[in-house]
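What the coordinates show
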Amino acid sequence: MPYTEIRGNSIRVKWWTGQYKLDDDGKPTAAKLHGSASKNLDGAPFADEGEAFTFGLDRESDVRNRRNRRTADPISMADYCDTWFKGVSLRSNSMSSYGSRLTAVIRPYWAQSNVDEITPIQYDAFRKFVQGEYSHNYAKAVLGTFKMLMDDAVVKYKYREESPIVEQNRRGLYKKKQVRRVKRRLSTRSVHQLAHNAFHVWGFAGWTYVWTIAFTGMRSPGEMFGLQRGYASPYWPASEPDDELREEALQRYESLHALRVQYQTYRAAGQAVLAAPKYDSARTLVLPPFLHEMHQALLASHAEPWAFLSLQGKPLLSTDFDNTYWFPIRDGAEERAPRPRYERWVRPALPAVEEMAGEDIYRLRHWHKAKLDEPGDIPRVAVEERMGHELPGVEGTYSEVTLAMEERIVGYLQRVWEKEVVGAGLWTPTFPIRLPDDPAESAPPQFSGLPILEYE
C-alpha cells in the first residue's frame with residue numbers, strides 16, 4: 001500500500017516499484033525500492049492526502065499489471081537473431097552450433113513475426129513442429145536456444161515484457177517420466193576385446209588409444225585427438241612450456257608418470273584449432289606404469305607432434321573416425337584377405353563387442369569413473385578432478401588432490417591391469433619398437449602449430 005507524508009507546504013506519496021535494492025555484488029536484497037511524487041500527472045501539487053494516496057494506488061496498479069515497464073521498439077525475429085548471435089560469447093564450436101540452429105530452424109520459422117508478437121500458443125505450435133520434425137536431441141537443442149533468445153529478449157534487450165514460454169508442472173495428457181537408461185554392464189574382458197579389435201583395425205595406436213581412455217577417462221575425440229607429444233608422459237613435465245607449472249610438476253611427479261590434458265582440438269570455420277578442454281578442465285593425469293610404457297612405444301614409433309595418428313600417419317581430426325575406426329572396433333568386421341600392395345590392410349575377422357552394442361566410445365570414460373569408485377577408498381575429490389569435474393559447494397572449495405591420493409590411483413589401476421588383463425591370460429601384442437632408454441632418442445617433445453583458441 002502507498003503512504004503519504006506532509007513535507008512543509010507539499011504532500012508526498014511513496015509506493016513500491018516492484019523492485020529491490022541490490023547489494024555490492026549486484027544481487028537483490030530484502031530492501032524494497034520505492035518511488036515517490038509530490039505532483040499529479042498534470043504537474044500540479046496534490047490538493048490533499050486523498051489525491052496523493054489515489055495517485056500511489058494507481059502507480060502500484062501499474063506495477064502489478066506491468067504497465068510501468070518500458071520496452072524497446074519492436075524488432076523482427078530475423079533482425080533479433082542477428083543481434084542476439086553477435087552478443088553471444090561462446091567457444092567456436094558452440095557458436096557454430098547456435099548459428100546453425102538459428103539459420104536452419106528458428107529464423108525461417110519465425111521470419112514473418114516480430115519478437116513482441118510471439119504468443120504462448122504460437123510457441124506451443126513451434127515446439128510441436130520441432131519435436132515432430134527433428135530427432136529428440138536436436139529438437140531439445142533448438143528449443144533450448146529459442147528459450148535463451150526469449151529470456152534475453154525480456155531481461156537483456158527489453159523487447160518483451162515476458163517470455164512466451166510458459167512452463168507448467170502438471171497440465172494435459174499424463175506422460176510417464178522417462179527413467180534414465182540403465183547402462184549395460186561393461187566388463188574388463190569387453191574393454192580388452194575393444195582394444196584387441198582396435199589393434200587389428202588400427203595397429204598399436206588403436207590398442208593404446210582404447211586403454212588410454214579406459215585408464216585415464218580422457219574425453220574422446222577432443223582431448224584424445226588433441227594430445228600432443230610434448231604433453232605425453234614420456235616427455236612431460238620436463239617439456240612443459242610454462243616455467244612455474246613445469247617446476248611444480250617436476251617436484252611433485254618425481255616418482256610418478258603423468259600426462260597433461262592442456263587442449264582439445266576441433267574444427268572451427270573449417271580450420272583445425274586448439275582450445276581449452278571442456279569446462280576449461282585442463283588437468284594432470286597420473287598413469288600406471290603399463291600405460292606409460294605403451295605411450296613410450298607409441299611415440300618411439302613416429303616423430304609427429306600428435307600422440308595418436310591415423311592409419312595414413314595423419315592427424316585424427318582429418319579422419320571419419322566413427323566409420324573408419326570406431327564402428328569396426330565396436331561392431332566387428334569381416335576378414336580382409338591379403339591382396340597385392342595392400343598387405344597393411346590385412347586383418348582377421350573381428351567379433352562384435354556385445355556389451356558395447358550401439359554405444360559411443362565415450363562409454364569407456366564412464367567405465368573409468370566406475371572403476372575408480374569400486375574400491376571405495378579413493379577420495380571423491382581425486383576422482384572428480386581426474387574426470388575434469390569440479391566438486392560443488394564447500395567440499396569443492398576446501399578439498400584438494402594430494403600426492404598420496406594420486407599414488408593410490410596409480411597403484412590401484414596397475415593392479416587392475418595385472419589382475420584383470422595379464423593375470424586373466426588375455427592377449428597382449430608385442431611393442432612395435434624397443435622402448436628407448438631416453439625418450440629424447442626417438443623424437444623431440446613437439447607441439448602442434450595450430451592456432452590456439454584457449455579463451456574466447
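Here goes a summary of the coordinates provided. (Residues numbered from 1 in each chain as written. Predicted model: local features only at pLDDT ≥ 70, side-chain atom pairs only at ≥ 80, totals over all residues. Heavy atoms only, no water.)

1. Focus: the overall build of the chain
Along the chain, the regular secondary structure elements total 15 helices and 8 strands. The buried share of the chain, taken over its 456 residues, is 43%. Of all intrachain contacts in the chain linking residues separated by at least 6 positions in sequence, the fraction that spans at least 24 positions is 67%. (Helix = DSSP H or I, 4+ residues; strand = E, 2+ residues; numbered from the N terminus. Buried < 20%, exposed > 50% of the residue type's maximum accessible area, 1.4 Å probe, protein only. Contact = heavy atoms within 4.5 Å.)

2. Digging into the packing of helix H4 (residues 120–133) against helix H5 (residues 136–155)
Axis separation between H4 and H5 bottoms out at 9 Å; the angle between their running directions is 155°. Taken together, the axes of H4 and H5 are roughly antiparallel relative to one another. Between H4 and H5 the crossing geometry is right-handed. For the pair H4 and H5, the contacting residues are Tyr-123, Phe-126, Arg-127, Val-130 and Gln-131 in the first and Ala-139, Val-142, Leu-143 and Phe-146 in the second. By residue class, the composition of the contact of H4 with H5 is 7 nonpolar, 1 polar and 1 charged. (Axes fitted to C-alpha atoms, helices over the stretch in contact; angles between N-to-C directions. Parallel < 35°, antiparallel > 145°, perpendicular 65-115°, else oblique. Left-handed = near helix turned anticlockwise from the far one by under 90°. Nonpolar A, V, L, I, M, F, W, Y, C, P; charged D, E, K, R; others polar.)

3. What to know about the side chain of Glu-406
Within the secondary structure layout, Glu-406 lies in helix H15 (residues 403–422). In contact with Glu-406, other than residues within four places in its own chain, are Arg-252, Tyr-253, Leu-256, Thr-284, Val-286 and Val-401.

4. A few points about the packing of helix H6 (residues 188–202) against helix H7 (residues 204–216)
For any two helices packed against each other, one specifies the crossing angle of their axes together with the interaxial distance. With their axes 6 Å apart at the nearest point, H6 and H7 run at an angle of 150° to one another. In terms of orientation, H6 and H7 fall into the roughly antiparallel class. Relative to H7, H6 is oriented so that their crossing is right-handed. Of the residues in H7, those in contact with Val-191, His-192, Leu-194, Ala-195, His-196, Ala-198, Phe-199 and Trp-202 of H6 are Phe-204, Ala-205, Gly-206, Trp-207, Tyr-209, Val-210, Trp-211 and Ala-214. Broken down by class, the residue content of the contact of H6 with H7 amounts to 13 nonpolar, 3 polar and no charged.

5. Overview of the packing of aromatic side chains
In this structure the tally under the stated criterion is 35 aromatic pairs. Consider the rings of Tyr-209 and Phe-321, whose centres lie 5.6 Å apart with planes at 40°: the pair is tilted. Remark: Phe-321 occurs in helix H11 (residues 321–331) and Tyr-209 occurs in helix H7; sequence separation between them is 112 residues. A single burial state applies to Tyr-209 and to Phe-321, both of which are buried. Relative to Phe-290, the ring of Phe-215 lies with its centre 5.0 Å away and its plane at 85°, an arrangement referred to as edge-to-face. (Phe/Tyr/Trp six-rings, centres within 6.5 Å; stacked < 30°, edge-to-face > 60°.)

6. Some words on the environment of Arg-12
Take Arg-12: it is sitting in strand S2 (residues 10–22). The partly exposed category is assigned to Arg-12, whose relative accessible area is 28%. In sequence terms Arg-12 and Pro-45 are 33 residues apart; their C-alpha atoms lie 9.1 Å from each other. Ignoring sequence-local partners within four residues, the contact set of Arg-12 consists of Tyr-3, Thr-4, Glu-5, Arg-7, Ser-36, Ala-37 and Ser-38.

7. Describing the pattern of salt bridges
In the structure shown here, the tally under the stated rule is 16 salt bridges. Between Arg-330 and Asp-331 there is a salt bridge whose closest N-O contact spans 2.7 Å. For Arg-330, a relative accessible area of 10% gives the class buried. Given a relative accessible area of 37%, Asp-331 falls into the partly exposed group. Two residues, Arg-380 and Glu-395, come together in a salt bridge whose shortest N-O distance is 2.9 Å. Taken as a pair, Arg-380 in helix H13 (residues 380–387) and Glu-395 in helix H14 (residues 393–398) lie far apart in primary sequence, 15 residues in all. With relative accessibility at 37%, the residue Glu-395 sits in the partly exposed group. Several salt bridges share partner residues, and in doing so they unite Arg-219, Glu-223 and Arg-283 into one network. (Salt bridge = Lys/Arg side-chain N within 4 Å of Asp/Glu carboxyl O.)

8. Side note on the nonpolar core
Counting residues in hydrophobic clusters, the biggest one holds 74 residues, and the most contacted among them are Trp-202, Tyr-209, Trp-211 and Phe-215. The leading source of residues in this core is H7, at 9 residues. Beyond its immediate stretch of four places on either side in the chain, Phe-215 contacts Phe-290, Leu-291, Trp-367, His-368, Arg-386, Leu-413, Val-416 and Trp-417. (Core = buried A, V, L, I, M, F, W, Y, C linked by side-chain atoms within 4.5 Å.)

9. Observations regarding the environment of Thr-265
Inspection of the secondary structure puts Thr-265 in strand S5 (residues 264–268). Along the sequence, Thr-265 and Leu-450 sit 185 residues apart, while their C-alpha atoms lie 9.0 Å from each other. In this view, Thr-265 contacts Gly-222, Phe-225, Gly-226, Val-273, Leu-274, Leu-317 and Leu-450; residues no more than four positions away in its chain are not counted. Among the polar contacts listed, one links the side chain of Thr-265 to the backbone oxygen of Val-273, at a separation of 3.0 Å. (Polar contact = N/O pair within 3.5 Å; in protein donor to acceptor, adjacent residues only side chain to side chain.)

10. Details of unusual backbone geometry
Residues Ser-220 and Pro-221 are joined by a peptide bond in cis, for which omega reads 15°. Going from Trp-236 to Pro-237, the amide bond is cis rather than trans, its omega being 10°. Of note, Pro-237 is situated in the loop between helix H8 (222–225) and helix H9 (243–252). For Lys-158, which is not glycine, the phi dihedral falls at a positive 60°. Mapping Lys-158 onto the fold places it in the loop between H5 and H6.

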